[in-house]
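Spelled out from the first residue to the last, the chains are:
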Amino acid sequence: GMKSLELLKDACVEEYHIYPDHDYFGVDTKTSVFLPRSKQSCDHLYGENYLYTSCTGRCISASCPLRNIPRYEVCPEQFPSRIGTITNGKYLAFFTKSFGNIYTNRYFVCENKKRCVDYDKVCDLVDDCGDTSDEDHCSNHFKCNSSGHYIPKSKKCDGNFDCLDLTDECNEECSKQLLETTLLKGLSWLIGSLAVFSNIVIIAKSLVTLKRCKTSVAMTNRCLIILIALGDFLIGCYLFVIATYDGILFKRSYCLNQITWITSLKCSVVGILSTIGSQVSLFAMTGLSVIRLHGIWNSMRVPGEVNMKKSLQVAAAMFSLVLASALIAVIPVIKKLENFFVNGVKFLDDLKIFIGTPDKEKVFDVIKAYYGRTKEANLKWDLLIKMARNMFSQDFDYEDHTERVAKVNFYGNDGVCLFKYFVQNDDPQRSFVWGILALNFICFLFISLSYLLIGISSRRSSKSVAGSNNRQMQKRNRRMNQKIAIIIVTDFLCWIPFIVICVLHSVGALDATPWYALFSMVILPINSVINPLLYDDVLTEAIRRPSRVIWTRISSSIVYQRIWGWFNPAPTETVEVESIETRESKATTSDTNRTGELKKESSAPNIPDQSTTGGDKELETTTAEGDRYVRAWRILQPSRRD
């Protein structure tokens, strides 16, 4: 404490203050106060600290709350031992003896002139005058509309409800929406639409193909692709639901309905479906990568045919993946585990001591203040709610407002109802969340490692292939490596930055809570749109064919040819012209030689020449190549086509 005072010594200045600064007969003592040298924000000051700082002009955008002069006739029922003294020779002011033999007038005169309060009662968030005049001219608070009580200005727009009518958060300055930005709203509709449509196509096509699978490996691959599409489809549906509630049902009224939404069964169901979809897709991608790697390593082994036993084994494996995903999603809403996963409770508004959705710590503080002491600091939710009910009387047919208690469960942590990935070190659910994040990270490592090994193996095998099929093999290998790179990069960009931010949030390096909507609506679901293009070719081919047609029409248009000619004038023209002229001269020479040979053949008709047929073919080939170069030259040089 002494070190802090030493640091503040040079930043403060001592002054003497009395209000009003008049000439009081017989009074030569003023109040000594230490004030900051420069102006500052007074939103964190209360009582006489706020009053002296603001009345000496050292508050930014804050006026002095002192309005009425403490005349002798004010507050007649208070201070019977007051002393009157002539002030400025015009009026009689009153003083009282305090702090020993010191006379002071440090009293705030309320607007009704019937009550006076000490300076430490001014701007202290409490209506001490009874007419709110001791708080009306203060800038360090926010006044709730319905109840009229005051809260610190720092609690306005802080994300927590402190007013019964929610006006501290639901106002023109900071009224919250489910999805804050227009970009986020648009992306949620776009990604949701693409995810739902593309994965419906993949599921329908895969179900038809599944019946034609002849081997167990093919059937397993197809089932895993169906699971990936099913999980991504659920994520698309999740985006649709959130976007619908934001843009159609809530609109700008979400802030007033926020507590009802995050404590509702609908929010929990939406969160469970999104978690199941995310985990099913991730587990299926992991299984598919491992099975494909196993197939590469055992490429010489003949796969088994489909039979009843193989079908049951595949069905059991798929069911296990879905069951594991469902357990991860449902565990946080099990009632017996609510002591670990419930983040807050909502009592009825009639219980004015519980505002908003207080967490366990706030409820415990209220109960401790009422009962005086408790044996355990960390009580269970059931016991806390029971103790809160016993605080209120049930006599005279009093309506029991403690029977209906809504709970903010694991998925109600934010309005988007996402799995609570962002946890602090003191959150009871941190072990569960960290376990799921570690599991997802291991799945990402399996996927990346498997496809890296597949790429290395295919590259080695393509190098060992020689002959006419080598180019085709290299082309196929290049495409596969590109797809593998896209799979690894998209999974990396989806999960690794997210896990890093979760770690930084957990250790307190940053507050990632405002990014919840961005991760839930854009970053995590983006794979649901990319996966249908990576794990099945039906959509890729559907996009590639019209793209080729469109590109062909564009490249053959006159506008494109002229633009191409502008950007590629000299080098292309010189090389192509020289090539064409050279090939045309070769063709002419070859034609002349051929004419001479024909003349020789006419003079010796009985001697067959086996080179005649070959010469004709060579002439035709050379001429054809020359024609192709001429056509190419004319396309590249549209200005010379005429």
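Note: the structure precedes this text.
Worth saying up front: this structure is predicted, and the values here are computed from it rather than measured. (Residues numbered from 1 in each chain as written. Predicted model: local features only at pLDDT ≥ 70, side-chain atom pairs only at ≥ 80, totals over all residues. Heavy atoms only, no water.)

**Overview of the packing of helix α5 (residues 216-250) against helix α8 (residues 308-330)**
- Here α5 crosses α8 at 25 degrees, and the two axes come no closer than 10 Å. Considering the angle they form, α5 stands roughly parallel to α8. In terms of crossing hand, the pair formed by α5 and α8 is right-handed. Mapping the contact onto sequence places Ser216, Met219, Thr220, Cys223, Leu224 and Leu227 in α5 and Lys310, Ser311, Val314, Met318, Leu321 and Val322 in α8. (Axes fitted to C-alpha atoms, helices over the stretch in contact; angles between N-to-C directions. Helix = DSSP H or I, 4+ residues; strand = E, 2+ residues; numbered from the N terminus. Parallel < 35°, antiparallel > 145°, perpendicular 65-115°, else oblique. Left-handed = near helix turned anticlockwise from the far one by under 90°. Contact = heavy atoms within 4.5 Å.)

**Side note on the packing of aromatic side chains**
- Scanning all chains against the criterion turns up 28 aromatic pairs.
- Plain terms: the ring middles of Phe422 and Phe519 are 6.0 Å apart, the flat faces sit at 85 degrees to each other, and that makes the pair edge-to-face. Taken together, the residues span a long stretch of sequence, with Phe422 in the loop between β11 (406-408) and α12 (430-463) and Phe519 in helix α14 (residues 516-523) at a distance of 97 residues. Here Phe422 and Phe519 have matching classes, each one buried.
- Relative to Phe492, the ring of Phe444 lies with its centre 6.2 Å away and its plane at 45 degrees, an arrangement referred to as tilted. (Phe/Tyr/Trp six-rings, centres within 6.5 Å; stacked < 30°, edge-to-face > 60°. Buried < 20%, exposed > 50% of the residue type's maximum accessible area, 1.4 Å probe, protein only.)

**Describing the pairing of strand β3 (residues 83-87)**
- By the bridge criterion, five bridges tie β3 to strand β4 (residues 91-98) in an arrangement that is antiparallel. Counted as the bridge partner of Ile86 is Leu92 from β4.
- The hairpin formed by β3 and β4 contains three residues between the paired strands, and Asn88 there has a positive phi angle of roughly 55 degrees. (Pairing = 2+ DSSP bridges.)

**Things to note about unusual backbone geometry**
- For the peptide bond that leads from Tyr19 to Pro20, omega is -15 degrees, which places it in the cis range.
- In this fold, Pro20 is placed in the loop between β1 (12-17) and β2 (31-36).
- The backbone of Cys75 sits at a positive phi, close to 50 degrees, despite the residue not being glycine.
- Following the sequence through the fold, Cys75 ends up in the loop between α2 (47-55) and β3.
- With phi around 60 degrees, Cys157 is a residue other than glycine that occupies positive phi space.
- Mapped onto the fold, Cys157 is located in the loop between β9 (150-152) and α4 (182-210).

**Topic: the pattern of salt bridges**
- Scanning the model with the defined rule gives eleven salt bridges in all.
- When the shortest N-O distance is used, the salt bridge between Asp21 and Lys30 registers 3.3 Å.
- By relative accessible area, which is 39% here, Lys30 ends up partly exposed.
- Between Lys346 and Asp349 there is a salt bridge; the shortest N-O distance is 2.8 Å.
- Classification of Lys346 as buried rests on a relative accessible area of 16%.
- Residue Asp349 is classed as partly exposed on the basis of its relative accessible area, which comes to 45%. (Salt bridge = Lys/Arg side-chain N within 4 Å of Asp/Glu carboxyl O.)

**Concerning the state of the cysteines**
- Taken as a whole and judged by the stated rule, the model has nine disulfides.
- What pairs with Cys110 in a disulfide is Cys129, and their sulfur atoms sit 1.9 Å apart. One disulfide, between Cys110 and Cys129, carries an S-S torsion of -75 degrees and so falls in the left-handed class. Residue Cys110 is located in the loop between β6 (107-109) and β7 (116-118), and its partner Cys129 is located in the loop between β7 and α3 (133-136); the two are separated by 19 residues in the primary sequence. (Disulfide = S-S within 2.5 Å.)

**A closer look at a nonpolar patch on the surface**
- On the surface, Phe25, Tyr72, Ile86 and Leu92 cluster together to form a nonpolar patch covering roughly 400 Å² of accessible area.
- Tracing the backbone through its elements, the reader meets Leu92 in strand β4.
- In this structure Leu92 comes out as partly exposed when scored by relative accessible area, which is 33%. (Patch = residues over 30% accessible without salt bridge, like charges linked within 9 Å, V, L, I, M, F, W, Y side chains within 5 Å. Areas by Shrake-Rupley, 256 points an atom, 1.4 Å probe, with all protein chains shown as cover.)

**Comments concerning a negative patch on the surface**
- Side chains of Asp359, Glu361, Asp365 and Asp426 sit close together on the surface and give a patch of like negative charge.
- Tracing the backbone through its elements, the reader meets Glu361 in helix α10 (residues 360-371).
- Classification of Glu361 as exposed rests on a relative accessible area of 57%. (Lys, Arg positive; Asp, Glu negative; His and termini not counted. Charge placed at Lys NZ, Arg CZ, Asp CG, Glu CD.)

**Section: empty space enclosed by the protein**
- Counted according to the given criterion, the structure contains two cavities of 30 Å³ or more.
- When its volume is computed, the largest cavity comes out at roughly 220 Å³.
- Lining the largest cavity are 20 residues, and of these Ile235, Ser274, Ser278, Trp495 and Leu524 sit closest to its centre.
- For the lining of the largest cavity, the element with the highest residue contribution is helix α7 (residues 265-297), accounting for six residues.
- Among the residues forming the lining of the largest cavity, the class breakdown is eleven nonpolar, eight polar and one charged. (1 Å grid on protein atoms, 1.4 Å probe; cavity = no way out; pocket = protein on both sides within 12 Å on 5 of 7 lines; lining within 4 Å. Points joined across faces, edges and corners; volume = space filled by probe spheres on them. Nonpolar A, V, L, I, M, F, W, Y, C, P; charged D, E, K, R; others polar.)

So yeah, pure geometry; function would need other evidence.
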